[in-house]
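Observations on the model geometry
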Amino acid sequence: MTTTTGRMKTATVTDEFDHAAGAYDRLVGANPGYHRDLRTSVRRLRLPDRGEGMRLLDLGCGTGASTAALLDAAPKARIVAVDASQGMLDAARAKAWDGDVVFHRSRAEELSPAWVCERLGGPADAVFGAYLIRNVPDPDALLWSILEVLRPGGRLALHEYSVADSPSARAVWTAVCWGVIIPSGRALTGRADLFRYLWRSVLEFDGRRELLARMRATGLESVADAPLPGWQYGITHTFVGSRPGGAW
């Protein structure tokens, strides 16, 4: 990572999300397929129908778009949604939630098994992380933390950008960022720091093969990935894996 991007991950990126929180839903709503793709990645967790009795953890929940995707697939589950940005959490909590959904402020990589069990009533049956692992200072620490809070056989899905393995995906991503995302973000929030960071952080992040290798090195099994459709094909992917030692 560059010095600037690395510094933001350890210091200011949360502040930038706080600043953008009021406009964030309008920004992502202008992205064709954004909410559809989150629901697709949730379906790749293969949750039982309606999620009766399940305990789900939504890491990096932001304003709640990923939480809504989980709730749509598992309306009978208990969902604990976590984010480091108070502004994003305030926006999420302001929405109406019909299911058993609670929001907490914390850094995802700092969650302990005891913390998760206290709030979920046991270890997580599944963890969902949308646009999360790219934004933490230590991706390996995050994966180890997730492994520890999953029950044996529990599943993980990461919904994330990854373009390092594809020159064409890198080119499309750069064109979309500088043609649409950065100017739109500046217009709606008054500054462009977060959106320039978004562009750089995606270019610098793991390729598909590297992230899959990280997941396997952590101890996750049944590790695989699949692309999302539309203009983000080859740019956004679902990465899945499970904790060894149990059945789904």
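A brief report on the enclosed structure follows. Everything numeric in this text was worked out from a predicted model, so none of it was measured.

Core analysis: the largest hydrophobic core is formed by 51 residues, its most contacted members being L47, L56, L70, F128 and W173. L56 has contacts with L47, L70, A74, A77, R78, I79, V80, L120 and A126, leaving out every residue within four places of it along the chain.

This part takes up the environment of E204. For E204, the location among the structural elements is in helix α8 (residues 193-204). Given a relative accessible area of 31%, E204 falls into the partly exposed group. C-alpha separation for the pair E204 and E118, spaced 86 residues apart in sequence, amounts to 36 Å.

Along a regular strand, successive side chains alternate from one face of the sheet to the other. Bridging between strand β2 (residues 78-83) and strand β3 (residues 100-105) involves six bridges; their strand directions are parallel. The partner of I79 across the bridge, within β3, is V101. Note on the crossover from β2 through helix α4 (residues 86-93) to β3: the handedness is right-handed.

Turning our attention to the pairing of strand β4 (residues 124-130). β4 sits mainly inside the fold: seven of its seven residues count as buried. In this structure, strand β1 (residues 55-59) lies alongside β4, joined through four bridges in parallel fashion. Paired with L59 across the strands is G129, a residue of β4. As paired elements, β4 and strand β5 (residues 150-161) share six bridges and run parallel to each other. Residue pairing in the sheet places A126 in a bridge with R155 of β5. Of the crossover connections in this fold, the one passing from β4 over helix α6 (residues 139-149) to the parallel β5 is right-handed.

Taken as a whole and assessed by the stated rule, the structure comprises 13 salt bridges. In this structure, D206 and R214 form a salt bridge, with 2.5 Å as the shortest nitrogen-oxygen distance. R214 shares its class with D206; the two are buried. Taken together, the shared-partner salt bridges connect D140, D206 and R214 into one network.

Rules used throughout
- Residues numbered from 1 in each chain as written.
- Predicted model: local features only at pLDDT ≥ 70, side-chain atom pairs only at ≥ 80, totals over all residues.
- Heavy atoms only, no water.
- Core = buried A, V, L, I, M, F, W, Y, C linked by side-chain atoms within 4.5 Å.
- Buried < 20%, exposed > 50% of the residue type's maximum accessible area, 1.4 Å probe, protein only.
- Contact = heavy atoms within 4.5 Å.
- Helix = DSSP H or I, 4+ residues; strand = E, 2+ residues; numbered from the N terminus.
- Pairing = 2+ DSSP bridges.
- Right-handed = clockwise from strand over helix to strand, strands pointing away.
- Salt bridge = Lys/Arg side-chain N within 4 Å of Asp/Glu carboxyl O.

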